[in-house]
Amino acid sequence: SQTIHQWPATLVQPVGSPLSLECTVEGTSNPNLYWYRQAAGRGLQLLFYSVGIGQISSEVPQNLSASRPQDRQFILSSKKLLLSDSGFYLCAWSVVGGFYEQYFGPGTRLTVT
Amino acid sequence: AQSVTQLDSQVPVFEEAPVELRCNYSSSVSVYLFWYVQYPNQGLQLLLKYLSGSTLVKGINGFEAEFNKSQTSFHLRKPSVHISDTAEYFCAVNPSNSGYALNFGKGTSLLVTP
């Protein structure tokens, strides 16, 4: 069966510090991968998606970037965090060529202080 | 552009009562529809999905939803809720020509009390 991991689970970082969140998927090959941010009361905002190694599409211009160095690894980064980057970050995957339901990881709670 | 509207931000209900969480969407093309549940500080879990065929879809935990094309709705129902159903519920739409993106509603917070 497929599983998706995210770490760390929680993170407290000062403004201006760098960020690296990691997501890995097991039990499937060549998945589509997604990063979402969830702010309180605002639903889910798609940040990035990837259909293959090195292929990243950005949905929203922002202070963040994403990379996919391996087939089942997706990384969310920032060089300098802003207060507005605080939120709950969710990674998800879907099957290529499927009906696009997405399966979510447990999330990372980021607090920028 | 496609959008999803969850009409209620919060729904309080007593245990063992029925509940309906409303979802409407706008799209000029056919869509795939999903409901997800999120428990506090956890990721989203797929409850059910409508792809095609029967408009009444049954999911996990006793939930079901009905696709109504004429009303562009996909309301979620459960005949008798439990305390453990307290969570955030998200409706999502994937237009058939979009490729990758799910459009999510802003969520409905279901609070079940004794």
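Quantities reported herein were computed from a predicted structural model and do not represent experimental measurements. Residue positions within a chain follow its written sequence, with the count starting from 1. The lettering of chains begins at A and the numbering of ligands begins at 1, in the order of writing. Side-chain atom pairs in this predicted model are given and counted only at pLDDT of 80 or more, local residue features only at pLDDT of at least 70, and totals for whole chains, interfaces and linings cover all residues. Values shown for side chains rest on all heavy atoms present in the structure; no hydrogens or waters enter the calculation.

Draft legend 1. Representation of the overall build of chain B. Each helix is a run of H or I in the DSSP string that is no shorter than four residues. Each strand is a run of E no shorter than two, and both are numbered from the N terminus. Along the backbone of chain B there are zero helices and twelve strands. The order of α-helices and β-strands along chain B, N terminus first, is β-β-β-β-β-β-β-β-β-β-β-β. Radius of gyration means the value over C-alpha atoms here, while the globule rule gives 2.2 Å times the residue count to the 0.38 power. Relative to the 2.2 N^0.38 estimate, which gives 13 Å for 114 residues, the radius of gyration of chain B is 14 Å and therefore close to what a compact globule would have. Across its three principal directions, the C-alpha atoms of chain B cover 45 × 30 × 20 Å. Here, residues are in contact when the closest pair of their heavy atoms is within 4.5 Å. Taking contacts inside chain B between residues at least 6 apart in sequence as the whole, the part at least 24 apart equals 55%. Approximately 5500 Å² of chain B is accessible, and the part contributed by carbon and sulfur atoms is 50%. The distance from the centre of the 7 positive side-chain charges to the centre of the 8 negative ones in chain B is 10 Å. Per-residue and other accessible areas were derived by the Shrake-Rupley procedure at a 1.4 Å probe size, with only the shown protein chains allowed to occlude residues. Think of it this way: Lys and Arg go in the positive column, Asp and Glu in the negative one, and His and the chain ends go nowhere. By convention, charge coordinates are those of NZ in Lys, CZ in Arg, CG in Asp, or CD in Glu.

Draft legend 2. Inspection of the environment of Tyr36(A) at higher detail. All names here are of chain A. Looking at the secondary structure, you find Tyr36 in strand β4 (residues 32-38). For every residue, the accessible area (1.4 Å probe, protein chains only) is compared with the maximum for its type, and the residue is labelled buried under 20%, exposed over 50%, or partly exposed between those bounds. Exposure remark for Tyr36: the relative accessible area of 1% places this residue in the buried category. Residues Tyr36 and Gly107 lie 71 residues apart in sequence; the distance between their C-alpha atoms is 9.4 Å. In the analysis that follows, any N or O atom pair within 3.5 Å is treated as a polar contact, provided that within protein one partner can donate a hydrogen and the other can accept it, and provided that, for residues neighboring in sequence, both atoms belong to side chains. A polar contact is formed between the side chain of Tyr36 and the side chain of Gln102, at a distance of 2.6 Å.

Draft legend 3. Geometry of the nonpolar core. Judged by nonpolar contacts, the single largest core of 27 residues is most densely connected at Trp35(B), Leu48(B), Leu76(B) and Tyr89(B). Here Tyr89(B) is in contact with Gln6(B), Leu21(B), Trp35(B), Tyr36(B), Val37(B), Leu47(B), Phe63(B), Leu76(B), Gly107(B), Thr108(B) and Leu110(B), once residues within four sequence places are set aside. What we call a nonpolar core is a set of buried Ala, Val, Leu, Ile, Met, Phe, Trp, Tyr and Cys residues that are connected through their side-chain atoms within 4.5 Å. Leu21(A), Trp35(A), Phe74(A) and Tyr89(A) belong to the second largest nonpolar core, which has 20 residues in total.

Draft legend 4. Layout of the interface of chain A and chain B. Each partner contributes to the interface: chain A provides 20 residues, whereas chain B provides 20 residues. Salt bridge, as used here: a side-chain nitrogen of Lys or Arg that lies within 4 Å of a carboxyl oxygen of Asp or Glu. Glu101(A) serves as the salt-bridge partner of Lys49(B), at 2.4 Å between the closest nitrogen and oxygen. For the pair chain A and chain B, the number of links is four residue pairs in polar contact (both at pLDDT 80 or more). Going through the elements one at a time, β4, β5 (44-52), β9 (87-94) and β10 (103-104) of chain A are the ones with two or more residues in the side of chain A that touches chain B. Here the term charged refers only to Asp, Glu, Lys and Arg, the term nonpolar to Ala, Val, Leu, Ile, Met, Phe, Trp, Tyr, Cys and Pro, and the term polar to all other amino acids, Gly among them. Looking at the side of chain A that touches chain B residue by residue, the classes come out as 13 nonpolar, five polar and two charged.

Draft legend 5. Focus on unusual backbone geometry. In this structure, the amide linkage connecting Trp7(A) to the following residue, Pro8(A), adopts the cis form with an omega of 0°. Summarising the element assignment, Pro8(A) is placed in the loop between β1 (3-7) and β2 (10-13). With a phi close to 60°, Asn41(B) is a non-glycine residue in the positive phi region. Relative to the elements of secondary structure, Asn41(B) occurs in the loop between β5 (31-38) and β6 (44-50).

Draft legend 6. Structural detail: the state of the cysteines. Here, two cysteine sulfur atoms that lie within 2.5 Å of each other are counted as a disulfide. Summed over all chains, the structure comprises two disulfides over all chains. Each sulfur in the disulfide pair Cys23(A) and Cys91(A) lies 2.0 Å from the other. Between Cys23(A) and Cys91(A), the disulfide has an S-S torsion of -75° and is therefore left-handed. Here Cys23(A) is found in strand β3 (residues 19-26), whereas its partner Cys91(A) is found in strand β9, with 68 residues between them in sequence. This pair shows no difference in class: Cys23(A) is buried, exactly as Cys91(A) is. Residue Cys23(B) pairs covalently with Cys91(B) via a disulfide, S to S 2.0 Å. One quick way to see it: the torsion about the S-S bond of Cys23(B) and Cys91(B) is about -65°, and its sign makes the bridge left-handed.

Draft legend 7. Spotlight on the packing of aromatic side chains. Between rings of Phe, Tyr and Trp, where Trp is taken as its six-membered ring, a pair exists when centres lie within 6.5 Å; planes separated by under 30 degrees are stacked, by over 60 edge-to-face, and by other angles tilted. Summed over all chains, the structure comprises twelve aromatic pairs over all chains. On the basis of an interplanar angle of 35° and a centroid distance of 6.5 Å, the ring pair of Tyr34(A) and Tyr49(A) is categorised as tilted. One end of the pair, Tyr34(A), is in strand β4; the other, Tyr49(A), is in strand β5, with 15 residues separating them in the sequence. A single burial state applies to Tyr34(A) and to Tyr49(A), both of which are buried. In textbook terms, an aromatic cluster arises when at least three aromatic residues are bridged by ring pairs, as seen for Tyr34(A), Tyr36(A), Tyr49(A), Phe104(A), Tyr36(B) and Phe104(B).

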